Amino acid sequence: IKLIAPSHGLIWSKEPGKIVEYYLDLAKGAFKEHKATIIYGSMYGNVEEAVNRVIEVLRTKKFNVKVYRFTDKEEASLSEILSDTIDSEIIVIGGATYEVGVFPKIQYIAEILKHKISMEKKVLIVSSYGWGGIAGRRLSKILAEGGFKIVEVIEFKGKPKSQDLERIENTLN
């Protein structure tokens, strides 16, 4: 191959083999570094508190942690989420139960991941609820349908308790 000229994007005329290798690695889901992508929505700070423990544990294990938030103050970029999840070793999804379902933005992201990434990647799901835990099971079902390997679903009522935070640590060790 001497030239790669896609219908859009860069034209590769110097060392086109490098881009071929890059895309082969992407297709295999290979990762060159310890990388984790965390995507979460938090309405009252409960999921965020649990996710902060996840971040802490992963950073002590020398992971490059990419964090994407969906809160009343932030909304992450879908293209950046997809770019980071494709070569992540582990994905963490945090979403609360919301009106007998999943916090809408997190459900949407899970559906996109199911269709766009669709490869056996490890996923940890962290979820809070008020009346009954539903989000964790729904997220698990959506992502399992996409071929993801669900490592654990950690659900808690309200704020995460010390045993919930300990479960997070044990799951990531």
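Refer to the preceding data block for the structure.
Right, let's walk through the structure included here.

Scoring rules and cut-offs
Residues numbered from 1 in each chain as written. Predicted model: local features only at pLDDT ≥ 70, side-chain atom pairs only at ≥ 80, totals over all residues. Heavy atoms only, no water. Pairing = 2+ DSSP bridges. Helix = DSSP H or I, 4+ residues; strand = E, 2+ residues; numbered from the N terminus. Axes fitted to C-alpha atoms, helices over the stretch in contact; angles between N-to-C directions. Contact = heavy atoms within 4.5 Å.

**Considering the sheet that holds strand 1 (residues 35–41)**
No. 1: On the basis of which strands lie adjacent, the open sheet formed by 5 strands has the order 2-1-3-4-5 and parallel pairing. Edge strands, defined here as strands with exactly one partner in the open sheet, are strand 2 (64–70) and strand 5 (149–157). Within the sheet, the average angular offset between the axes of one strand and its neighbour, ignoring direction, is 15°.
No. 2: Pairing between strand 4 (residues 122–129) and strand 5: 8 bridges, direction parallel. Bridge assignment links valine 123 to a residue of strand 5, and that residue is isoleucine 150.
No. 3: Along the sheet face, helix 2 (residues 46–60) touches strand 1, strand 2, strand 3 (90–94), strand 4 and strand 5 and points at about 175° away from the line of strand 1.
No. 4: Contacts from helix 5 (residues 135–145) reach strand 3, strand 4 and strand 5 within the one sheet, and its direction differs from that of strand 5 by about 165°.

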